[in-house]
Amino acid sequence: MAMMLEACSDDDSFTTSASNLLTFSTDTVKLDTIFSKVPTATKTFWVYNRSGNGIRCSRVRLEHGNQTGFRVNVDGVYLGGSQGYQTNDIEVRNKDSIRVFVELTSPENMQEKPTLIKDDLIFTLESGVEQKVNLNAYAWDAELRSDVVISKDSTISSSKPIVIYGGITVEEGATLTIGEGTTLYFHNDAGIDVYGKLNAQGTAEKNVVLRGDRIDRMFDYLPYDRVTGQWQGLRFHDTSYGNTLDYVDIHSTYNGVVCDSSSVEELKLTLYNSMIHNCQGYGLLSKSSVVDVYNTQITNTLNDCVAIYGGAVMMRHCTLAQFYPFDSNRGAALRFANYLDDALYPLYQFEVYNSIVTGYADDVVMTDFREDVEASYLFDHCLLRTPEIEASDLIKDVIWENPKDTIVGGVKNFYVVDTDNLIYDFRLSEVSLARDAGTTLPNGYSAEDRKGVARDEKPDIGAYEYQPQEP
């Protein structure tokens, strides 16, 4: 009994010795890069007492008070806002611990580039010793826009990031132009719904970038920007025609681009020199629409990378690669059909030139035809990962990728397919059979690749002309 009482007494005793210190699970809490005026996700760390005696903190405070925008919760006590930026008499008993939660809403820094924001959370022990944990982040001023409605011809162009909440709606009769080098960061519930016209015009050096608004990390090695389903993507409704996406980077969305059923008498979408990558739905889904696709990469989607249901579609120098890493039940790299469920979609024209269609599966090209509905298609100078079909007027100079060949096929076609870190580079590797296997297309369609690199007299198949990898 005496020994038990003595043990309890030791656990409940508190020391003022300067040699008794707290231990922290980290000495620095980094909140990555964040947008000014936008609350961050919460990060946490632990405070341990392994000193042999209880320790009281006479005060815990944010060194800069309300100047930086950090908010902290220490063992259930909130530091920040009207409650003040310090608290007193926090106890950490021997062999015990407390948890600390950290958030930040940074004020504007009036700078074009991200600016370092830092503060120290100071634990002042009863002994007078001060221990610190550093808090820091890079804050980036951004334009914040909510529920944007474009009812007349308008332009969005900015060197600063633009964060979109609730989405953008382009009304019928209006045109939205997005200027070169502009990046739009969409919140989870946001996308672009086009009833009128969208003209996103980037350049090889300054793409228009459409992406999610999470610029922090899911894990240390994994930015949210590499995770699918971060925003809602683009949808061109049945009243929308004459849209242009040129040098546009669309990634980490739900559906990349959806074209609703429309009149096949008008061009619905020109998709040139662009990238649609890492989608939780479709990359490009087109129903009974006229779509022109050139020099474009469409890769890694849970559903099909490209799904064409009827209409008239032309594809030239495209790279379709299905290496979606999050679900083995992924869709095809390419699917084309003349009906869907009970709806009939005559496929008036589907022509594919100088294009790669590959992926993990043995067969990544899927068709679904009804004999009583029109279906016209052509593959010319393509690399296809699908069982070989005899050459004909519909199949010309096709390379049939052998799924058993792991030396030059599948992932070996490309610079980098790193599923561990979700890093992909779909430029051609040295061993790819797509090198020098294309044909020179008329009207300058084989002049340059998606990166602006000049193609030679034997153009490569796909969106990229081979360039030796840098060491």
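Structure shown above.
Keep in mind that what you see is a predicted model, and the values were worked out from it rather than measured. Residue numbers here run from 1 along each chain, matching the order of that chain's written sequence. Where totals are concerned, whole chains, interfaces and linings use all residues; where local detail is concerned, this predicted model gives features only for residues with pLDDT of at least 70, and gives and counts side-chain atom pairs only at 80 or more. Calculated side-chain values reflect all of the structure's heavy atoms, with hydrogen atoms and water omitted.

### Looking at the sheet that holds strand S10 (residues 130–140)
Move 1: With respect to topology, 5 strands assemble into an open sheet ordered S2-S10-S9-S4-S7, the strand pairing being mixed. In this open sheet, the two edge strands, each paired with only one partner strand, are strand S2 (28–35) and strand S7 (86–92). Neighbour-to-neighbour, the strand axes of the sheet open up by a mean angle of 20 degrees, direction not taken into account.
Move 2: Here, a strand pair is defined by DSSP locating no fewer than two bridges between the strands. Runs of H or I in DSSP of at least four residues are treated as helices and runs of E of at least two as strands, each being numbered from the N terminus. Here 6 bridges tie strand S4 (residues 55–62) to S7, and the two strands are oriented antiparallel to one another. What sits directly across from Arg56, in S7, is Glu91. Angles run from 0 to 180 degrees between N-to-C directions of axes, and those axes are lines fitted to C-alpha atoms, restricted for helices to the stretch in contact.

### Things to note about the pattern of salt bridges
Move 1: By salt bridge we mean one thing: a side-chain nitrogen of Lys or Arg within 4 Å of a carboxyl oxygen of Asp or Glu. Under the criterion given, the structure shown has 17 salt bridges.
Move 2: With a shortest N-O distance of 3.8 Å, Arg93 and Glu91 are connected by a salt bridge.
Move 3: Given the relative accessible area of 32%, Glu91 is considered partly exposed.
Move 4: Between Arg211 and Asp225 there is a salt bridge whose closest N-O contact spans 3.5 Å. Separated by 14 residues along the polypeptide, Arg211 in strand S18 (residues 208–212) and Asp225 in the loop between strand S20 (222–223) and strand S21 (234–236) bring together distant segments of the chain.
Move 5: Any residue under 20% of the maximum accessible area for its type is buried, any over 50% is exposed, and the rest in between are partly exposed; the area is computed with a 1.4 Å probe on protein chains only. Of the residues examined, Arg211 reaches a relative accessible area of 10% and is grouped as buried.
Move 6: Asp225 gets classed as partly exposed once you look at its relative accessible area, which sits at 23%.
Move 7: Each of Arg56, Glu91, Arg93 and Glu126 takes part in one network of salt bridges that share partners.

### Looking at the nonpolar core
Move 1: For the purposes of this section, nonpolar cores are sets of buried Ala, Val, Leu, Ile, Met, Phe, Trp, Tyr and Cys residues that join through side-chain atoms within 4.5 Å. Ranked by size, the top nonpolar core spans 57 residues in total, and within it Ile168, Leu210, Leu234, Leu245, Val257, Phe350 and Phe379 carry the most contacts.
Move 2: Counting 29 residues, the second-largest nonpolar core is a separate cluster that includes Phe24, Val47, Val100 and Val102.

### Considerations on the sheet that holds strand S8 (residues 97–104)
Move 1: Taken in spatial order, the 5 strands line up as S1-S3-S8-S5-S6 in an open sheet, and their pairing is antiparallel. Each edge of the open sheet is held by one strand with a lone partner, namely strand S1 (23–24) and strand S6 (77–79).

### Some details on a nonpolar patch on the surface
Move 1: Patches here are clusters of residues that have more than 30% relative accessible area and form no salt bridge, with a 9 Å joining cutoff for like charges and a 5 Å cutoff for nonpolar side chains (Val, Leu, Ile, Met, Phe, Trp, Tyr). Note on areas: Shrake-Rupley with a 1.4 Å probe; residue coverage comes only from the protein chains shown. On the surface, Met218, Phe219 and Tyr221 cluster together into a nonpolar patch covering about 290 Å² of accessible area.
Move 2: Note on placement: Met218 falls in strand S19 (residues 217–219).
Move 3: In this structure Met218 comes out as partly exposed when scored by relative accessible area, which is 35%.

### A closer look at the pairing of strand S27 (residues 284–294)
Move 1: Here S27 lies mainly inside the structure; 10 of its 11 residues are buried.
Move 2: Pairing of strand S24 (residues 257–259) with S27 involves 3 bridges; the strand directions are parallel. The partner of Cys259 across the bridge, within S27, is Ser286.
Move 3: One ladder, built from 10 bridges, connects S27 with strand S29 (residues 306–316); its direction is parallel.

### Considerations on the environment of Leu104
Move 1: Mapped onto the fold, Leu104 is located in strand S8.
Move 2: For the pair Leu104 and Ile164, spaced 60 residues apart in sequence, the C-alpha separation works out to 20 Å.
Move 3: When sequence neighbours within four positions are dropped, the list of residues in contact with Leu104 reads Leu31, Ile34, Val38, Pro39, Thr40, Thr68, Gly69, Phe70, Arg71 and Ala137. Residue contacts are defined here by distance: any two heavy atoms, one from each residue, within 4.5 Å place the two residues in contact.

### Structural notes on unusual backbone geometry
Move 1: Phi at Ser252 takes a positive value of approximately 55 degrees, unusual for a residue other than glycine.
Move 2: If you check the backbone angles, Asp341 has positive phi at about 55 degrees while not being a glycine.
Move 3: Within the secondary structure, Asp341 sits in the loop between strand S32 (339–340) and strand S33 (343–344).
Move 4: The class for Asp341 is exposed, based on a relative accessible area of 66%.

In short, shape yes, function no, at least from these values alone.
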